[in-house]
4 protein chains.
Amino acid sequence: MPIPKPIFNPPFNVIRVSHVEFGVSDLERSRAFYADCLGYAVTATYKDAIHLRAIEERNHHSIILKKADAKARALGFKIGSEEDLDRAKHWFEKKGLPAKFVEVPHQGRTLHASDPLGMPLEFYFSMDQADSLLQKYGEHRGARIQRIDHVNCFTPDVQASVDFYTELGFRATEYTETEDADPKLWAVWMHRKGNVHDLAFTNGYGPKLHHIGVWTATPMDILNICDVMATTGFLKNMERGPGRHGISNAFFLYVRDPDGHRVELFTSDYLTADPDHAPVRWTLRDPQRQTLWGHPAPQSWFEEGSEFPGVAVREPALKAQPIVAR
Amino acid sequence: MPIPKPIFNPPFNVIRVSHVEFGVSDLERSRAFYADCLGYAVTATYKDAIHLRAIEERNHHSIILKKADAKARALGFKIGSEEDLDRAKHWFEKKGLPAKFVEVPHQGRTLHASDPLGMPLEFYFSMDQADSLLQKYGEHRGARIQRIDHVNCFTPDVQASVDFYTELGFRATEYTETEDADPKLWAVWMHRKGNVHDLAFTNGYGPKLHHIGVWTATPMDILNICDVMATTGFLKNMERGPGRHGISNAFFLYVRDPDGHRVELFTSDYLTADPDHAPVRWTLRDPQRQTLWGHPAPQSWFEEGSEFPGVAVREPALKAQPIVAR
Amino acid sequence: MPIPKPIFNPPFNVIRVSHVEFGVSDLERSRAFYADCLGYAVTATYKDAIHLRAIEERNHHSIILKKADAKARALGFKIGSEEDLDRAKHWFEKKGLPAKFVEVPHQGRTLHASDPLGMPLEFYFSMDQADSLLQKYGEHRGARIQRIDHVNCFTPDVQASVDFYTELGFRATEYTETEDADPKLWAVWMHRKGNVHDLAFTNGYGPKLHHIGVWTATPMDILNICDVMATTGFLKNMERGPGRHGISNAFFLYVRDPDGHRVELFTSDYLTADPDHAPVRWTLRDPQRQTLWGHPAPQSWFEEGSEFPGVAVREPALKAQPIVAR
Amino acid sequence: MPIPKPIFNPPFNVIRVSHVEFGVSDLERSRAFYADCLGYAVTATYKDAIHLRAIEERNHHSIILKKADAKARALGFKIGSEEDLDRAKHWFEKKGLPAKFVEVPHQGRTLHASDPLGMPLEFYFSMDQADSLLQKYGEHRGARIQRIDHVNCFTPDVQASVDFYTELGFRATEYTETEDADPKLWAVWMHRKGNVHDLAFTNGYGPKLHHIGVWTATPMDILNICDVMATTGFLKNMERGPGRHGISNAFFLYVRDPDGHRVELFTSDYLTADPDHAPVRWTLRDPQRQTLWGHPAPQSWFEEGSEFPGVAVREPALKAQPIVAR
């Protein structure tokens, strides 16, 4: 069984995924998408960047739009303390992986590091705080997105990625494997904060960011944003859904921002906080792992993702074709 | 049994209740309530009036706010044709009731009439048409109210009111009666358009308008407007609910506009189009007729309503006290 | 413009579509689908038939399952009075169309007739009444379907069908036409009861019943039945959706019963009662008329339908191919 | 400021609240309430006990109904490991508090302990696992409750309770204090699992259990159970709501089981996992902390709770009267 055992005394304490930075070609066009259509609040606007947060978020930003190449520039994780930051730096260095402190506006000490496959990571403990808009109901717009939930990545070597993040304290909740005599991990969902995932990996050309997942309170918010997008010029940005994933039980909608970065609006997963919560196994031959209701995903969903700046994309280890329609 | 038999060849063809005109003391304050908070679209603004319509309405207005005394100035009904207008005038005149043609902006020929208790009625066939906003999802706001549904009135003589509107072709769907040996009608719900009501009457000091009812697609829209009102300065305008009426099965919220006019946001009633659809009987002793879930209504809900200009309020025929809490 | 003018003094008064009868090969298998899965209430069970009604329906049946060939055996319409029945018989006979009184269990006098294309129609005024289950919330199951709403048919000659039912008093609310210099009607939605339709026609091999439409209170009921069907052995019965039609604004799910009869679960259309409510025009080149959100329908949805017993299927008049995906 | 600083290296690792045991006088009557009405799954039935779990729960039980006095017999917490159990026993003993290992069916080693006010606690690491019913949608019933979320207790000394559980690693998310020159804690919400609470305390005659909170996916599930309870003989069991708490943002309904134990069905709180997540302060003079929408709670809600067996109820430290209605 290729899912490694979870570790409960990790080298440093990752609390949760907390933000991403997207390179975008036209800040105003992206603001129209994220703020005017999806309903994100704008916390700060700079000449070359817009900082966004969702309804319940007190963190200054969970999405940074940066005037830059259309790449995903950092996957940001909140960690438990300033001491954890030093432990993190030490740990990456011991592994011979890049790790250095950088200045990031609105964040305290911030560590930039890379995982063994080259994915850029950003760790910090403190961030400027903003008002929660959760009870400013009059300001809710669009999909009324409440918070960032997870990032999902293509990796050329799922086993290597999962082994690395397991050492870091991430715990698997669901996984897909091939049906060989010697089964291989095809995709894994891993968490720190106690729901299905903070971080997921799927076999594919990578490393690339497949999507960020953002949480809404109910499926009605997702149906509503479908109607809004379809009638306000964002029809072509709707890529997949709405539907129900078998994996994670998520009710989902996948949309693409004007630069192609993918956002999953989702709700309806479950609590996984128990240390002995056993991961759920799915096989590539079960199409309901993808969509419980039998809808195929478009080819783009399997192939496209946001590259990371300066990180070479490699061919995936596994060549099997998943079965994706009933 | 005091519910009169329905009439299927009425003297003229009333299609449905279609609009009301409210006297308000401060147009901007009322606009903030109806447009900014509840989400009504403003079709036209005049120096002394604002015309509002709901999301799916093509009629130019379903609510007119008029700078005037805080009274309900007209209950508007769409009728089937211009010929029906003439038939209506003739019928009212034959009964010795007031009826005259008046000029009303954005409406075709318009007849002002009064019922035997003095309630001011307005009949018309044609009205200026506006765009339906039903599929302009990006413009939906507040409670996303779709359309006007009914008007509900206090009358000092329920039997007289019901008899009159039955002659006019309205058909009873539900009613409450006292439990005497000789039961009396306490309240009646009557329709033309095929759902629970266009027009309802309750025993009380009247004639007065108790409320207009406006329809939302789902209970979620009503829960949302509760959150919005409670956090944007309209907490005191929330009078009753949300809750479920036993009568009509409506999921409801009653709100008061800045001048005290009452609006019921509601959803979840049912089809009553069949000519042999038998009315449902409730008794004053069953508190679930009021709220299925057992919540009492505030005293204001039983006592307050919008008067009609120049119409004397009379003492009600029945003195019984309804049972209103579990 | 090929949409005929509505007629307001029809030869007899059709209230609404009220029921259908489906031939099914295995009554128990069909009961499992309609009652156990979708949640229909069983009003009566016979050796060769099961009578079903939805939550708010007081009519004894809105669907009859009959042990017989997998065909649609009758489209049932409630009419306004016993006198209307006689007028109906007279009218069909005058047109040289079949019309005879038959005995149907649980119905009063019942007229079987055919339209000019051969579609079997059933008219009646009175039917045995059953309890409404609307407020028996503890008994609601599955999709909590409230009532039958419409029937939708393939016709080889849309113009002929629409002309016929216009004479009968049906009024068009939305329509699709080709974009020729001389545009032709491709599909038309027509109503009697005041919402988007009781009856719709689409160009295609016919006459055949495309589907019956049944109404749920909210989209959440439709999402829920997706989850239920997908996990209780009915995944293959889910044909299309959930999604939003541009036409009618319906939130929809199409399912197929064990014999292939198609049922649309839907909600979210609008009021059309006004006599001057102008029909909405769509063109074959606008894919959003089909699905606002851009999802293509499967080929089966365009090609398959329930035949009527003994009625020859003819080639459609129009050969144009609609555009069905973004 | 009376909220103590959170501790991030607690003496042992509490994961979350996981179950309660209720003494009930009639097991069948209680089964009807929890299983037939609310929709709990029965995992095991014994002569003197019924074990229940909610839809997503893999734990064998989150509620145990025991034939016994109508008291709350244990508040159960999942902890991080078997080693944590030994650390827990040691820690309680060092404080001079009761702590002993007991046998509990379907659980591994189980520690019974008491807090300084006498509240009975139960700690364990392993429990028999059952199937998650999350994707067995055909079996969902009633309120479709997904999981236990929290327990809420009356304490005669809020400061003492909060100090104790802070030492144990619980972290405050919201609190109410009096408005004295020297403000006192009136109520505190504390968590381990990263949402608003696992455990809350309010000033009052205690220690007593005020309620357990159980989580539903959407407000629609709560509206539905209102309808079901009100029409299946459980109207009198509905104590308060539905409504929105200001504190925690919960959409709530409070119900009483046949023995008076209180259950809050709730949804809509938020993520609190960040170690620097600052608690929200409310004052006793703000009625919106109780209900955002202004509804008063019934007197029973402020006064009644489940006692713990053999634990004396003491008078509360604070005498102030909260303001509970607008």
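Before reading further, recall that the structure is shown in the block above.
Enquirer: Any chance you could explain the relation of the copies chain A and chain D here in plain terms?
Expert: One copy of the chain maps onto the other through a rotation about an axis plus a displacement along that axis. Superposing chain A onto chain D requires a rotation of 180° together with a translation of 0.0 Å along the rotation axis, leaving an RMSD of 0.0 Å. What the superposition gives is, in effect, a two-fold axis relating one chain to the other. The position closest to the rotation axis in chain A is occupied by the C-alpha of Thr218(A), lying 3.0 Å away. Looking at chain A, 100% of its interface residues are interface residues in chain D too, so the copies touch through the same face.

Enquirer: Any chance you could explain the packing of aromatic side chains here in plain terms?
Expert: Given two aromatic rings, their pairing is described by the distance between the two centres and the angle made by the two planes. Evaluated as defined, the whole model comprises 76 aromatic pairs over all chains. Ring plane angle 80° and centroid distance 5.4 Å describe the contact between Trp301(C) and Phe302(C), whose orientation is recorded as edge-to-face. A residue is classified by how much of its surface remains accessible, and Trp301(C), at 10% relative accessible area, is buried. Classification of Phe302(C) by relative accessible area gives partly exposed; the value is 23%. Judged by centre distance (6.2 Å) and plane angle (75°), the ring pair of Tyr34(D) and Tyr40(D) falls under edge-to-face. For the pair shown, Tyr34(D) and Tyr40(D) are each scored as buried.

Enquirer: Explain the pattern of salt bridges here, please?
Expert: Any two side chains of opposite charge can pair, given that their charged atoms come close. Under the counting rule described, the total for this entry stands at 96 salt bridges over all chains. Linking Glu177(C) and Arg281(C) is a salt bridge whose minimum nitrogen-to-oxygen distance equals 2.6 Å. A residue pair is termed long-range when its members are at least 10 positions apart, and Glu177(C) in strand β10 (residues 171–177) and Arg281(C) in strand β17 (residues 280–283) qualify at 104 residues. If you follow the salt bridges from partner to partner, you end up with Glu239(A), Arg256(A), Arg262(A) and Glu304(A) in one network.

Enquirer: For this particular structure, what's the right way to read the interface of chain A and chain B?
Expert: Many analyses report the size of an interface as the accessible area lost when the parts associate. Listed as interface residues are 12 residues of chain A and, on the opposing side, 12 residues of chain B. Between chain A and chain B, roughly 1,000 Å² of surface is buried when both sides are summed, and carbon and sulfur atoms account for 60% of that area. Ranking the residues of chain A by area buried against chain B places Tyr137(A), Arg144(A) and Met220(A) at the top, with a combined share of 41%. Counting every contact that joins chain A to chain B gives 0 salt bridges. Across the side of chain A that touches chain B, the residue classes tally to 3 nonpolar, 6 polar and 3 charged.

Enquirer: For this particular structure, what's the right way to read the interface of chain A and chain D?
Expert: Counting residues at the interface gives 34 residues for chain A and 34 residues for chain D. Between chain A and chain D lies a buried interface of about 2,800 Å² when both sides are counted; carbon and sulfur atoms form 51% of it. Considering only the side of chain A, the residues that lose the most area to chain D are Arg58(A), Gln135(A) and Leu271(A), jointly responsible for 21% of the buried surface there. Taken together, chain A and chain D are joined by 4 salt bridges. As a salt-bridge pair, Lys78(D) and Asp276(A) come within 2.8 Å of each other at their nearest N and O atoms. For the interface between chain A and chain D, the tally reads 18 residue pairs in polar contact (both at pLDDT 80 or more).

Enquirer: What should I look at first to understand the relation of the copies chain A and chain B in this one?
Expert: Overlaying chain A on chain B yields an RMSD of 0.0 Å, the required transformation being a rotation through 180° with an accompanying axial translation of 0.0 Å. By residue overlap, the copies meet face to face through one surface: 100% of the interface positions of chain A are interface positions in chain B.

Enquirer: Looking at this structure, I do not really get unusual backbone geometry. What am I missing?
Expert: Trans peptide bonds make up most of the peptide bonds, and negative phi angles are found at most residues other than glycine. Here Gly241(A) and Pro242(A) are connected by a cis peptide whose omega angle stands at 5°. Residue placement: Pro242(A) occurs in strand β14 (residues 238–244). Cis geometry is adopted by the peptide bond preceding Pro207(D), which originates at Gly206(D) and carries an omega value of 5°. Unlike most non-glycine residues, Ser268(D) shows phi in positive territory, near 85°. Within the secondary structure layout, Ser268(D) lies in the loop between β16 (262–267) and β17 (280–283).

Enquirer: Just to check I follow, could you spell out the sheet that holds strand β5 (residues 72–79) of chain D for this structure?
Expert: Within a sheet, each strand pairs with its neighbour through backbone hydrogen bonds, oriented either parallel or antiparallel. Residues and elements named next belong to chain D. Reading across from one edge, β2-β3-β4-β1-β5-β8-β7-β6 is the order of the 8 strands in this open sheet, with mixed pairing throughout. In the strand order of this sheet, the two ends are held by β2 (41–45) and β6 (99–102), each with one partner. Each adjacent strand pair in this sheet contributes to an overall mean axis angle of 25°, direction not counted. Sheet topology note: the β6/strand β7 (residues 110–114) ladder contains 4 bridges and is antiparallel. For Val102, the partnering residue across the bridge sits in β7 and is Thr110. With respect to the sheet, helix α1 (residues 27–37) is in contact with β1 (14–24), β2, β3 (49–53) and β4 (63–67), its orientation differing from that of β4 by roughly 160°. The strands touched by helix α2 (residues 82–94) are β5, β6, β7 and β8 (120–124); relative to β6, the strand with the most contacts, the crossing angle is about 145°.

Enquirer: What's the story with the side chain of Lys78(C) in this structure? I'm lost.
Expert: Residue placement: Lys78(C) occurs in strand β5 (residues 72–79). A polar contact of 2.8 Å, which involves the side chain of Lys78(C), links it to the side chain of Asp276(B). Setting aside residues up to four positions removed in sequence, Lys78(C) forms contacts with Asp274(B), Pro275(B), Asp276(B), Asn13(C), Val14(C), Ile15(C), Arg16(C), Ser18(C), Tyr124(C), Phe125(C) and Ser126(C).

Enquirer: In this structure, what is going on with the packing of helix α4 (residues 219–231) of chain B against helix α4 (residues 219–231) of chain D? I would like to understand it.
Expert: Each packed pair of helices is defined by two parameters, the angle between the axes and the distance between the axes. Packing of α4(B) against α4(D) brings their axes to within 10 Å, and their N-to-C directions diverge by 105°. Of the possible angle classes, the one that applies to α4(B) and α4(D) is roughly perpendicular. Between α4(B) and α4(D), the contacting residues are Pro219(B), Met220(B) and Leu223(B) on the first element and Pro219(D), Met220(D) and Leu223(D) on the second. When grouped by side-chain class, the residues that make up the contact of α4(B) with α4(D) number 6 nonpolar, no polar and no charged.

What counts as what
Think of each chain on its own: its residues are numbered from 1, step by step along the sequence as written. Naming scheme: in the order in which they are written, chains are lettered from A and ligands are numbered from 1. With the structure being a predicted model, the display of local features is reserved for residues of pLDDT at least 70 and the display and counting of side-chain atom pairs for 80 or more, all residues being used for whole-chain, interface and lining totals. Water and hydrogen atoms were dropped before computing side-chain values, which therefore reflect all heavy atoms in the structure. Copy-to-copy superposition: least squares on the C-alpha atoms, limited to residues that have pLDDT of at least 70 in both copies. It only takes one pair of heavy atoms within 4.5 Å for two residues to be counted as in contact. Here is the rule: rings of Phe, Tyr and Trp (six-membered ring for Trp) pair when centre to centre is within 6.5 Å. Planes less than 30 degrees apart are stacked, more than 60 are edge-to-face, and the remainder are tilted. The classification of residues rests on relative accessible area computed with a 1.4 Å probe and restricted to protein chains. Under 20% of the type maximum is buried, over 50% is exposed, and intermediate values are partly exposed. One side-chain nitrogen of Lys or Arg within 4 Å of one carboxyl oxygen of Asp or Glu is enough to make a salt bridge. Only DSSP runs of H or I covering at least 4 residues are called helices, and only runs of E covering at least 2 are called strands; the numbering of each starts at the N terminus. Accessible area that two parts lose when put together, with a 1.4 Å probe and added across both, is what the buried area reports. All residues other than Ala, Val, Leu, Ile, Met, Phe, Trp, Tyr, Cys, Pro, Asp, Glu, Lys and Arg, Gly among them, are scored as polar; the first ten of these are nonpolar and the last four charged. By the criterion applied in these results, polar contacts are pairs of N or O atoms within 3.5 Å in which, for protein atoms, one can donate a hydrogen and the other can accept it, and in which residues neighboring in sequence qualify only through two side-chain atoms. Any two strands with at least two DSSP bridges between them are considered paired. Lines fitted to C-alpha atoms define the axes, with helix axes restricted to the stretch in contact, and inter-axis angles between N-to-C directions lie between 0 and 180 degrees. Note on angle classes: values under 35 degrees are labelled roughly parallel, values over 145 roughly antiparallel, values of 65 to 115 roughly perpendicular, and the remainder oblique.

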